[in-house]
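Observations on the three-dimensional arrangement
As a plain string of letters, each chain reads:
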Amino acid sequence: MRQAPLVTTSTHPMRFAILLGLFVTLIAGPSAALIAGPTEASGDEFFEKSIRPLLVKRCIECHGPNAQQGGLRLDSRSGWVSGGKRGAAIQPGDSGKSLLIRALHGDGVPRMPPAGALGDREVATLTRWVRQGARDPRTTASERIGGLTVEAARSWWSLQPVRRPVLPANRGGTPIDGFLEARLAAKGIRPNPAADRRTLLRRVTYDLSGLPPTPEETDAFLADGAPGAYERVVDRLLASPRYGERWGRHWLDLVRYADTAGENSDHPLPHAWRYRNWVIDAFNANKPYNEFLREQIAGDLIAPKGPMDQYGPRIVATGFLALARRFGHEIDKDLHLTHEDGIDTLGKAFLGLTVGCARCHDHKYDPITAKDYYGLYGIFASTKLSFPGCEPEQQPRDLVPLIPDAEWDRRTQPQRQALALLDARLAQQAGTTDKARQTFGSPLTRSPLATEVVPDAGERPIALSEVEVRAGELLLLSILPQANHGADTTQLELEIDEIGGVGRRWNLTADALLNLTASNPLPDGGKRERAWWFFDGRQGLSLLPEPVRDQNGTAGLHSWRNGETPMVFVNSNAQPVTVWTTLPPRSFFVHPGPEGPVAVGWASPLTGRVRVRGRVRDAHPGGDGVAWRLDRLDAALQPALGVLADAQAARTSLTQERSKLLAVMPQREVAFAVSERPAADARVHERGDPQQLGETVPRRWLTILGGTPVRVRTSSGRLELADWVASPKNPLTARVMVNRLWLHHFGRGLVRTPNDFGTRGDRPTHPELLDWLASEFMESGWDVKRMHRLIVLSRAYRQSSAATGASVMRDPTNALYWRFDRRRLTAEELRDSLIFTSGELDPTPGGPHPFPPEATWRFSQHEPFSAVYETNRRSVYLVQLRNRRHPFLGLFDGADPNASTPQRQTTTVPTQALYFMNDPFFHAQSAALARRAKGEPDGIDRLYRSAFQRTPSAEERAFATQFVARYERDSQEVTVAERPEQAWAALARILLATNELLYLD
């Protein structure tokens, strides 16, 4: 039926009111104005003849659709009812209390209009109108919610309740076929016959698992002539863990999943993988779709209700919200953009509405107001998101534990009690150590031997040709920071040679590399105890108390420290290590504290002369260098040093015992997720600017979907939001999801704009079928696998893709589904097929990526995180970077992780062809497939069956045989022994790059 126009051109005053109303925007929630009844003719006539022209002439320029000074609009009744920053503009029946009338006189408010006061007659007319009740007929078709009139919004197809249509008659097919074939019959089009069994098996296997069938699965299906063979294949595929990996990837496209934050340094998200795997597991477990949505919005609020085994997964589910993109340099300053990303993604992915378009103003086309947006914004802003780190603040915070506090306390009570006992003993020992330290006195008596300043990025030698020492004396080398914390890391080389005697030698680096953390003081290479002493020199001298192995998670980086600094440490590896700077191999370093030195002492075992040599090098340029000083401490301090060493040894023993206990304590796992924060309503950001705040909007649901306010004012409102979204009364949620299922099976949705069910999107091609699917979906308990089964068992899905002449002429774009559309494999399907066919696929689920330890992060705008970790697992487990696409996924049209991707585009560009010619990964998979095939008697058959799930024709077998022979004969780049393997690999490359593999019929 043809739809009547909303507005017709006319000079009638009431129709002019409707026409004008279509070009203005109402910023208001649901009110009596939206459902007001008809007005009296006399009141309307007075308004249209006397009031409307006056408002248009003198007021609308500053208080209409193009400008709203003071937040006030006068181009609709709801505009003056809502009023501006001072409140309602008119009190009907009371001109003395009406701000509009007072402004005409300048009575306590600025006089209006500012340029050219109204004449006495005009003022009197407006005053009379207000005293008579301010009747305003602009309450019918001109009233708007965002970009639509109320009537148009309420009648828009996607906002109508889902109704179960009457099933059309069909001849033995499913209800899906009945709906489709009725339309085809009306157009005189006959549906295609069924596809052949091999094509059908390949199609459904890719659609439900993202992988090709194996040769064995193909043989089994082709040989199974019993009734229900195809249905058994479908059930097997839906029960496979490969199903969740395939359909989880579709969902991850929608919710812009990524393993990095997206701000200017693109910080890694080490825990994002948990959400990815939760999505995959949810599809495999066939979690009801309404619960799937609810847990992503409010899983942390649902989790405490039990059961306990679902607590952690429900926390992880809220990664959907936490994974909102971060923006800028200091990301907390741009959280309004992060909240916009969350609102926009929720609107598109769950509702098929472009809610984010209402951030700066009412939606221009759909029934969504700016107040609707900020009603949701308050919910999002009352939610604490895990912090991923950014350039000024590198480390993550606010990660959410996967076990509740009470349960964690119960599980770890024995370890916590043991730890508390150790801490008490450590505190007691610390007192003993402090008393021992006090025996040094303050200040210490020092005999200076040498001092020098090392400039930024420079180095200075230590060279004392002869120093008199007595047994028990301490040579103390102190590294002092300059004003700007000095060189953060300073390489130190120190060697002491005995002059005369037996010619003994002590080398600090060599001794420290043996086992730095064994003790402080540290034996020398000859195992003489207490040769090297490592001091915190900030207030007198105290031994560095804490040994740390593999600092910052870096193997071979060992230290003694007091807090973060000061410390001494070694890179014991045979290669450089990059942490906060690049450390050369097998080297010793010191790091002074910002307020004082770190010192290395050598206790002399002899009385005589020694030579002191070495160097001090700034190993982390960018500060203002360091200074060093060499002193001699009198032998009389040796007994005090002994007491200090004994006390320190006892303290170190307890510290090591504590470290061992911590190493075996259970670790509380965390997720990149969300939690509650103090709840508050949001203020409108005028024109989207968070610095220009307007009125406060209560947290609530979209006006057109009921506008229900958040009832529990002390909570964020996410639990209620989850219920609104997943309600069977919500006309959008089920329609949007079944349309996505249809899209990924048929290549396009019944609604061709799957993220936009608003007025700028397409209407459904088969509205009755869409509603039948939506109602069936809800009545099934939101059972996603059941919907798959309904679709893939239909005759429409099982059709061939052949394009016959008559049908092509009547429906060239296949809008009515008379055939199955051929499609190219997605990026993930292609990559997974290559690894699967080659026999190299690792079928185990992916876990966390090998990101560098968080303590080492120094990412910046100029040096952002950019690693790509290769794996032979399925492509859904590849690392997804927001600021740098994975090379393969970027080349073959993978999803953009910066925004919701409802369906993939398909491009054909020269670089894709070059990939098959030159890429090492493709060559490696081809070679692996060739090695498997070459070793079998029917190797050529094996190649074709692996790639295409069929045997080669006689012509193809002849070509392959001749190709291998010719390649072996003509190849000059490899040895004769290598030529057969190279020839088979070249043949495999040809097959794996053909359209028969790349396209799905």
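Nothing here was measured: the structure is a model prediction, and the numbers come from that model.

Criteria and thresholds
Residues numbered from 1 in each chain as written. Predicted model: local features only at pLDDT ≥ 70, side-chain atom pairs only at ≥ 80, totals over all residues. Heavy atoms only, no water. Helix = DSSP H or I, 4+ residues; strand = E, 2+ residues; numbered from the N terminus. Buried < 20%, exposed > 50% of the residue type's maximum accessible area, 1.4 Å probe, protein only. Contact = heavy atoms within 4.5 Å. Areas by Shrake-Rupley, 256 points an atom, 1.4 Å probe, with all protein chains shown as cover. Lys, Arg positive; Asp, Glu negative; His and termini not counted. Charge placed at Lys NZ, Arg CZ, Asp CG, Glu CD. Expected span 1.5 Å × (residues − 1). Phe/Tyr/Trp six-rings, centres within 6.5 Å; stacked < 30°, edge-to-face > 60°. Lys NZ or Arg CZ within 6 Å of the ring centre and 35° of its normal. Salt bridge = Lys/Arg side-chain N within 4 Å of Asp/Glu carboxyl O. Axes fitted to C-alpha atoms, helices over the stretch in contact; angles between N-to-C directions. Parallel < 35°, antiparallel > 145°, perpendicular 65-115°, else oblique. Left-handed = near helix turned anticlockwise from the far one by under 90°. Nonpolar A, V, L, I, M, F, W, Y, C, P; charged D, E, K, R; others polar. Pairing = 2+ DSSP bridges. Disulfide = S-S within 2.5 Å. Polar contact = N/O pair within 3.5 Å; in protein donor to acceptor, adjacent residues only side chain to side chain.

Some details on the overall build of the protein chain
Secondary structure assignment for the protein chain yields 34 helices and 26 strands. Its C-alpha atoms give the protein chain principal-axis dimensions of roughly 120 × 95 × 55 Å. With 1001 residues in all, the protein chain has 54% of them scored as buried. Expressed as a percentage of contacts within the protein chain between residues at least 6 apart in sequence, the contacts between residues at least 24 apart total 71%. Summed over all atoms, the accessible surface of the protein chain reaches about 42,600 Å², with 52% contributed by carbon and sulfur. Taking the average location of the 124 positive side-chain charges in the protein chain and that of its 115 negative ones, the two points are 5 Å from each other.

Digging into helix α5 (residues 120-131)
Over its 12 residues, α5 extends 16 Å from the first C-alpha to the last, a length consistent with the 16 Å expected when each residue adds 1.5 Å. Inspection of α5 places Val-123, Thr-125, Leu-126, Thr-127, Trp-129 and Val-130 among the buried residues, and these make up the whole buried set. Trailing α5 by a residue or two, Gly-133 shows a phi angle of about 110°, which is positive.

Let's talk about the packing of aromatic side chains
Each pair of aromatic rings is reported with the distance of its centres and the angle of its planes. Taken as a whole, this structure holds 46 aromatic pairs when the rule is applied. Between Trp-857 and Phe-859, the aromatic rings sit 5.8 Å apart at their centres with planes inclined by 50°, giving tilted as the arrangement. The two residues Trp-857 and Phe-859 agree in class, both being buried. Ring centres of Phe-892 and Tyr-915 lie 5.4 Å apart, and the angle between their planes is 85°; on these two criteria the pair is classed as edge-to-face. Taken together, the residues span a long stretch of sequence, with Phe-892 in the loop between α28 (887-891) and α29 (910-918) and Tyr-915 in helix α29 at a distance of 23 residues. Just as Phe-892 is buried, Tyr-915 falls in that class too. Here the aromatic residues Tyr-243, Trp-251, Tyr-275, Trp-278, Phe-283, Tyr-289, Phe-292, Phe-320, Phe-350, Phe-777 and Trp-782 are joined through ring pairs into a cluster of three or more. The cationic tip of Arg-760 hangs over the ring face of Tyr-365; the distance from NZ or CZ to the ring centre is 4.1 Å. Looking at Arg-819, its charged tip hangs above the ring of Trp-818, at a distance of 5.3 Å from the centre.

Focus: the pattern of salt bridges
Enumeration over the complete set of coordinates arrives at 75 salt bridges. Between Arg-824 and Asp-893 there is a salt bridge whose closest N-O contact spans 2.9 Å. Of this pair, Arg-824 sits in strand β25 (residues 823-824) while Asp-893 sits in the loop between α28 and α29, and the two are 69 residues apart along the sequence. There is no split in this pair, since Arg-824 and Asp-893 are both buried. It is possible to trace a salt-bridge network through shared partners that takes in Arg-164, Glu-776, Glu-779 and Arg-786.

Description of the side chain of Arg-326
Mapped onto the secondary structure, Arg-326 falls in the loop between α15 (319-322) and α16 (335-351). For the buried residue Arg-326, which engages in no salt bridge, the nearest side chain bearing the opposite charge is Asp-332, 6.5 Å off. When residues no more than four places from it in sequence are discounted, the contact partners of Arg-326 are Ala-261, Gly-262, Glu-263, Ile-331, Thr-338, Leu-385, Ser-386, Phe-387, Pro-388 and Phe-672.

What to know about the packing of α16 against helix α17 (residues 370-381)
For the pair α16 and α17, interaxial distance at closest approach is 10 Å and the crossing angle is 115°. With respect to their mutual orientation, α16 and α17 come out roughly perpendicular. Between α16 and α17 lies a crossing of right-handed hand. Contacts from His-336, His-339, Glu-340, Gly-342, Ile-343 and Leu-346 in α16 reach Tyr-373, Leu-376, Tyr-377, Phe-380 and Ala-381 in α17. Here the contact of α16 with α17 is built from residues that sort into seven nonpolar, three polar and one charged.

Focus: helix α22 (residues 718-725)
α22 sits mainly inside the fold: six of its eight residues count as buried. When α22 is considered as a whole, its buried residues turn out to be Arg-718, Glu-720, Leu-721, Ala-722, Trp-724 and Val-725.

Looking at unusual backbone geometry
Met-112 connects to Pro-113 through a cis peptide bond whose omega is -10°. Structurally, Pro-113 is set in the loop between α4 (99-105) and α5. A cis amide bond links Asn-520 to the next residue, Pro-521, at an omega of 15°. Within the element layout of this structure, Pro-521 appears in the loop between α20 (508-515) and β10 (532-536). Phi is positive for Asp-266, close to 50°, though the residue is something other than glycine. A positive phi angle is found at Gln-949, which is not glycine, with a value near 60°. Here Gln-949 lies in the loop between α31 (939-948) and α32 (954-970). Its relative accessible area of 4% is what places Gln-949 among the buried residues.

Quick notes on the sheet that holds strand β11 (residues 542-543)
Strand pairing in a sheet relies on backbone hydrogen bonds, with the paired strands running either antiparallel or parallel. Spatially, β5-β20-β7-β18-β10-β11 is the arrangement adopted by the six strands of the open sheet, whose pairing is antiparallel. Where the open sheet ends on each side, the last strands, each with one partner, are β5 (446-454) and β11. The sheet contact formed by β5 and strand β20 (residues 626-633) spans eight bridges and is antiparallel. By the bridge assignment for β20, Val-454 is matched with Val-626.

Quick word on the state of the cysteines
By the definition in use, this model includes zero disulfides. Cysteine Cys-62 remains unbridged, with the sulfur of Cys-59 as its closest cysteine sulfur at 8.7 Å.

Some details on the pairing of strand β18 (residues 598-603)
Burial analysis of β18 places six of its six residues in the buried class, the great majority of the element. Across six bridges, strand β7 (residues 474-481) lies against β18 in antiparallel orientation. Across the sheet, residue Ser-478 finds its bridge partner in β18, namely Ala-599. Relative to β18, β10 runs antiparallel, the two sharing five bridges. Its bridge partner lying in β18, Trp-533 is registered against Gly-601.

A few points about the pairing of strand β8 (residues 490-499)
Taken across its 10 residues, β8 has nine buried, putting it largely inside the fold. Here β8 runs beside strand β17 (residues 587-591); their pairing, made up of two bridges, is antiparallel. Note that in β17 the partner of Gln-491 across the bridge is Phe-589. Both β8 and strand β19 (residues 608-618) contribute to a ladder of 10 bridges, which runs antiparallel. Pairing of Thr-490 across the sheet is with Asp-618, part of β19. Looking at chain direction, β8 and strand β9 (residues 505-507) are connected through three bridges and run antiparallel. By the bridge assignment, Asp-497 is partnered in β9 with Arg-505. Connecting β8 to the next strand, β9, in antiparallel fashion are five residues, including Gly-500 with a positive phi near 80°.

Re the packing of α31 against helix α33 (residues 979-992)
Contact geometry of α31 with α33 gives a least axis separation of 10 Å together with a crossing angle of 30°. As summarised for this structure, α31 and α33 are arranged roughly parallel, according to the angle between their axes. Crossing of α31 against α33: the hand is right-handed. Within the contact between the two elements, α31 uses Gly-939, Ile-940, Leu-943, Tyr-944, Ala-947 and Phe-948 and α33 uses Trp-984, Leu-987, Ala-988, Leu-991 and Leu-992.

Looking at the environment of Pro-897
Tracing the backbone through its elements, the reader meets Pro-897 in the loop between α28 and α29. A relative accessible area of 4% places Pro-897 in the buried class. In this structure the C-alpha to C-alpha distance between Pro-897 and Val-643, which are 254 residues apart in sequence, comes to 61 Å. Apart from residues lying up to four places away in sequence, Pro-897 is in contact with Arg-256, Tyr-257, Ala-258, Leu-881, Arg-882 and Arg-885.

A look at the side chain of Ser-860
Within the secondary structure, Ser-860 is located in the loop between α27 (827-838) and α28. Accessibility expressed as a relative area gives 12% for Ser-860, which makes it buried. Here the side chain of Ser-860 touches Glu-863 through a polar contact of 3.0 Å, landing on its backbone nitrogen. Once residues within four sequence positions are removed from consideration, Ser-860 is found in contact with Asn-264, Ser-265 and Glu-391.

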